[in-house]
Amino acid sequence: MIILFHPRATKPRNCRLPLAILALAAVLEGREEYEIIDGNLDDKPVDSILSFIDSRKVDLVGVSCMPGPQMVAAMEASREIRRLRPHIKIVWGGYFPSIYPDSTLNAKYVDFVVRGQGEETLLELIDALRGKRSFDSILGLSYKDTFGLHRTNAERPMKGPDSFPWSPFHRLPVEQYLRPSFFGKRTAVHHASIGCPFNCSFCGVHAAYGREERMESPERTVDILKHLVSKYGADSVQFYDMNFFLREDHARKLMDLMMPLNLRWWCEGRVDIMSRYSDETMATIKGAGCAMIFFGAESGSDWALKEMQKGITTEQTLIMARRTRQFGIIPEFSFVVGNPKDPERDTRETLRFIRKIKRINPDSEIIVQHYTPTPQRGSMYGDVDGQISFPDTPAEWATKKWMDFTLRIDTSAPWMKRKTKKLIDNFEIVVGSRWPTVQDIRAPRWSRTVLKTLSAWRYALRIYSFPIELQWAHQFIQLRKPKRESL
Ligand code: B12
């Protein structure tokens, strides 16, 4: 038997379908005996895993994790399983081990790491554990050999979602994952592509997957959505693809097929791609139920965008601020402020730029985060010319310093002056109070009024320092932070 374990990543009220585990379950279905344990629903996942180990023949525990609190939960559970049942093999997969395979393997409780797309690597690993093939023949696998040395096999070429079977939704209590959100009463999640063809220097997606994106066929996306609507009553959906829109013809086809489903939805897009879409396509996107699009605007400085290899311009961001307003779609613009090249200038220019966006489209949701590098595939140094040396073990990643780094709260980066960091944090609280996010459906109307009133003068006069009254107000009014919301 194989155990697929999804450690806790969110508060139970924010939990969503564990897509990684479902993708792996899809290839095990009908082929292997397996169980899914989701720490977001199960308060004592280790006990559940141990009881399977004690009552069945378990060949492997597969742990999925992304950087952040989920990695900490993965670490604690794996450590405990290793301590109590040392004979059980443990494999980690997902964004954390894919980006940091060596740090992951340095942990005594991890035997294997699956990098990038996991379906075929997992099946081949199971075969190898049964002596049917050798570990060194498995693409995308890192492991410890008999001497304890790390072995890193070549990358596995990626396959499109259509190459794999559908997720076995019936293996989970799907209803419990369809949570109320700004988009609807029962919001589902879906990933209609995999990977990303762009090369943004700070992003973890190509670090984990390489530079490719494979789209699911529009027909299959819509069949899956139909299933979620008819069987489980989904009325809205969040698409988790890095780029939900790549080719305009693909987008048009998908929109036409989605239209009859009457879903309200959210997705991620790029300003360079969408600023080139025709008005007709934009109207079709709106007509198919698009309520909000997340754009990585990243910076208000074109030189910083170039530094990040983002491939967009500030002008394209402004165009999308205008176009989303024209078509009645809420844009969510995310910024990673404090570029290492000149953090002060980047911060100054980006804060000014955000004000400009707000003038063009006051409905824009603004996400302000600190510029946080991710080590890239093949990079000789940790990152940023060796200025950051990344932790060697999951335990070190779990310390407060590195958790703040991962969550983009405080990078403690050598290039960032305290003064600049404070300015970014203060601006974030002022802009977030002046325009409280619409996505917090639990916040009462009065709380928004209080925050708007308290912050109006600061925003108008550009006085961001010492926002003590706002910090105080936020202690009573727990407004969800877009993006970090979800934890
Ligand atoms: C959904 C999502 C979330 C959800 C939670 C998802 C979950 N695990 O429950 C929420 C919103 C909570 C979230 C939060 C965060 N996230 Co997030 N998230 C994503 C997102 C949009 C999609 C992930 C997904 O579902 N993919 C679909 C599945 C099918 O793919 P997959 O996860 O890669 O799984 C495949 C392989 O990795 C592998 N695999 C995975 N697990 C396993 C296990 C085994 C045993 C095996 C063999 C294989 C395997 O096989 C799978 C199938 O091929 C990605 C971006 C993206 N589009 O990928 C960012 C992303 C993973 N998140 C990221 C980040 C940074 C965060 C946060 C730290 C953000 C923040 N500032 O707070 C938090 C921390 C979360 C936590 N609690 O630890 C980064 C990570 C990279 C990095 N630079 O560190 C990403 C890449 C976004 C980005 N571009 O920066 N996130």
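Conventions used here
Residues numbered from 1 in each chain as written. Predicted model: local features only at pLDDT ≥ 70, side-chain atom pairs only at ≥ 80, totals over all residues. Heavy atoms only, no water. UniProt positions renumbered as here; feature names shortened; annotations may be inferred. Salt bridge = Lys/Arg side-chain N within 4 Å of Asp/Glu carboxyl O. Phe/Tyr/Trp six-rings, centres within 6.5 Å; stacked < 30°, edge-to-face > 60°. Buried < 20%, exposed > 50% of the residue type's maximum accessible area, 1.4 Å probe, protein only. Helix = DSSP H or I, 4+ residues; strand = E, 2+ residues; numbered from the N terminus. Core = buried A, V, L, I, M, F, W, Y, C linked by side-chain atoms within 4.5 Å.

Looking at an unreviewed UniProt entry, one finds the protein named B12-binding domain-containing radical SAM protein and attributed to Alloacidobacterium dinghuense. Quoted verbatim from the Cofactor (unreviewed entry) field of UniProt, the annotation for the protein is "[4Fe-4S] cluster".

Student: Describe the pattern of salt bridges, naming the residues involved and giving the relevant values.
Tutor: Inspection of every chain in the model, using the stated rule, returns 30 salt bridges. Among the ionic contacts, a cluster of salt bridges with common partners joins Glu-120, Glu-124, Arg-133, Arg-156 and Lys-159.

Student: Describe the packing of aromatic side chains, and please don't skip the residues or the numbers.
Tutor: With the rule as written, the count across this model stands at 30 aromatic pairs. Consider the rings of Trp-92 and Phe-96, whose centres lie 6.3 Å apart with planes at 65 degrees: the pair is edge-to-face. As far as burial versus exposure is concerned, Trp-92 and Phe-96 are alike and both buried. With a centroid separation of 4.8 Å and an interplanar angle of 90 degrees, the aromatic rings of Trp-435 and Tyr-459 are classed as edge-to-face. Note that Trp-435 is positioned in the loop between helix H17 (418-434) and helix H18 (445-461) and Tyr-459 in helix H18, a separation of 24 residues in sequence. Overall, the relative accessible area of 23% leaves Trp-435 in the partly exposed class.

Student: Hey, could you go over the nonpolar core for me, with residue numbers and the actual values?
Tutor: Counting 141 residues, the largest nonpolar core has Trp-92, Phe-245, Trp-265 and Ile-285 as its most contacted members. Counting seven residues, the second largest nonpolar core, distinct from the first, contains Phe-183, Met-292, Phe-294 and Ile-330.

Student: Outline unusual backbone geometry, supporting the account with residue identities and numerical values.
Tutor: One non-glycine residue, Ser-412, lies in the positive phi region at around 50 degrees. Residue placement: Ser-412 occurs in the loop between helix H16 (400-406) and H17. Even without being a glycine, Phe-466 presents a positive backbone phi close to 50 degrees. Its place among the elements puts Phe-466 in the loop between H18 and helix H19 (468-476). Residue Phe-466 is classed as exposed on the basis of its relative accessible area, which comes to 65%.

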